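# Results of the structural survey
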Amino acid sequence: MRIPCAMIRDLLPLYAEKMVAPETEALIAAHLDECAACRQKLSEVEAGVEAPAVDASKPLQALKRELRRRRRCAAVIAALCVFVAVYTWFYHANAWKMVPWEEGLIEVAGIEERPYADVYGQEADADGSRGATAEALILRVDSRINGTQESKFKDDDGADTVLLRGWSTNNRGRFVRDYNEMALCPVPDRLIYEGSDRQQLLWGEPLDGGVETLPRLALGYYVLIAVVAAAVSGTTWFLLRGRDKSWMARQVFFAPMAWLGAHFLIKGGRTVSDFMERDFLSILLMAAALYALLSLAWQVLLRRRKEA
Ligand SMILES: [Zn+2]
């Protein structure tokens with residue numbers, strides 16, 4: 001670890017008098033081995049050219065504070081690296097895959113009255129609806145599906161439509177006849193299962209030409225925005241370099257760079273997402289960690305360069 005010369009020089013009077021702790025003495029000796037300027041200073045101090053510092057404790061405390069700060073900084077950088085690596089591994093080890101449609105994957109069991117709280121959650125009981133019931137569409141879902149995502153919207157013909165997507169983390173094509181129940185409430189006019197390649201109408205009237213689903217390209221737009229933002233802020237930083245406020249441009253530049261790095265870790269080169277919300281939140285989390293990592297690592301680099 002490189003200690004700034006100014007700190008060493010504050011300590012030299014104490015060092016010359018052998019009034020420092022053994023660890024401090026070792027640090028100073030190591031610095032002196034490599035730094036001719038401070039060796040020169042030491043010989044001046046020893047020759048009595050400079051009077052010893054009056055208050056002996058201040059420079060020592062400053063050195064201790066600086067060492068503590070650097071240890072903390074290194075620990076945070078290490079923790080962020082571990083977090084980024086572990087989360088990236090976790091995301092890919094538990095990647096969600098869409099379960100393709102197959103006969104019997106989901107069956108509509110009919111409409112049933114269900115306690116209000118069962119379908120709307122326990123909070124629904126709070127607003128005076130205790131004991132009330134609501135109509136729900138009951139589905140039997142094969143256990144090959146680990147979870148579902150629903151999107152609700154009004155179709156071209158004005159029908160309330162629910163688009164259902166099933167995901168699995170261990171999608172190995174095994175088909176186990178074991179059902180979970182799922183209740184949709186309120187009952188939609190139309191329910192469609194969306195597999196990876198085709199749609200299956202589960203409930204309601206078919207719509208001519210099928211349901212048009214929005215292309216899930218938002219992640220691609222974010223990448224595009226990040227590339228443009230990185231180019232603009234990177235250029236600004238370059239033009240301002242050396243000036244007082246250039247650190248602001250640098251910090252702005254780190255944000256789109258962190259986003260691009262996070263996108264690459266989570267999605268690789270792909271920008272299409274089947275599970276938009278999950279991917280977006282994962283990228284956001286990674287981007288925040290990478291941003292902190294970039295900022296801290298840059299400060300360490302700057303300090304090294306200044307001290308070298
Ligand atoms: Zn020095």
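Structure: see above.
What this report covers is the structure whose coordinates are included nearby. (Residues numbered from 1 in each chain as written. Predicted model: local features only at pLDDT ≥ 70, side-chain atom pairs only at ≥ 80, totals over all residues. Heavy atoms only, no water.)

Once that is clear, we can look at the overall build of the protein chain. On a plain count of helices and strands, the protein chain comes out with eight helices and eight strands. Counting over 308 residues, the protein chain shows a buried share of 35%. Within the protein chain, contacts between residues at least 6 apart in sequence are counted, and of these 71% link residues at least 24 apart. Of the roughly 18600 Å² of accessible surface on the protein chain, 58% is carried by carbon and sulfur atoms. (Helix = DSSP H or I, 4+ residues; strand = E, 2+ residues; numbered from the N terminus. Buried < 20%, exposed > 50% of the residue type's maximum accessible area, 1.4 Å probe, protein only. Contact = heavy atoms within 4.5 Å. Areas by Shrake-Rupley, 256 points an atom, 1.4 Å probe, with all protein chains shown as cover.)

This brings us to the coordination of the zinc ion. Reference values for angles at a metal are 109.5 degrees in the four-donor tetrahedral case and 90 or 180 degrees in the six-donor octahedral case. At this site the zinc ion is bound by Cys5 (SG), His31 (NE2), Cys35 (SG) and Cys38 (SG), with donor distances of 2.1 to 2.4 Å. What the four donor atoms of the zinc ion show is an angle range of 105 to 113° at the metal, which sorts the shape as tetrahedral. (Donors = N, O, S within 2.8 Å, 3.2 Å for Na, K, Ca; no water. Tetrahedral: all angles 85-135°; square planar, octahedral: opposite > 155°, others 65-115°.)

Next up on the list: a positive patch on the surface. Where like charges cluster on the molecular surface, the positive patch consists of Lys64, Arg65, Arg68, Arg71 and Arg72. You can see arginine 65 is positioned in helix 4 (residues 57-93). (Patch = residues over 30% accessible without salt bridge, like charges linked within 9 Å, V, L, I, M, F, W, Y side chains within 5 Å. Salt bridge = Lys/Arg side-chain N within 4 Å of Asp/Glu carboxyl O. Lys, Arg positive; Asp, Glu negative; His and termini not counted. Charge placed at Lys NZ, Arg CZ, Asp CG, Glu CD.)

This part covers helix 3 (residues 36-46). Every buried residue of helix 3 is accounted for by Cys38, Leu42 and Val45. Angularly, the buried residues of helix 3 cover 60° about the axis, an arc narrow enough to put them on a single face. Elements that come into contact with the buried residues of helix 3 comprise helix 1 (5-16) and helix 2 (22-34). Following helix 3 by one or two positions, glycine 48 has its phi on the positive side, about 80°. (Arc of directions from axis to C-beta.)

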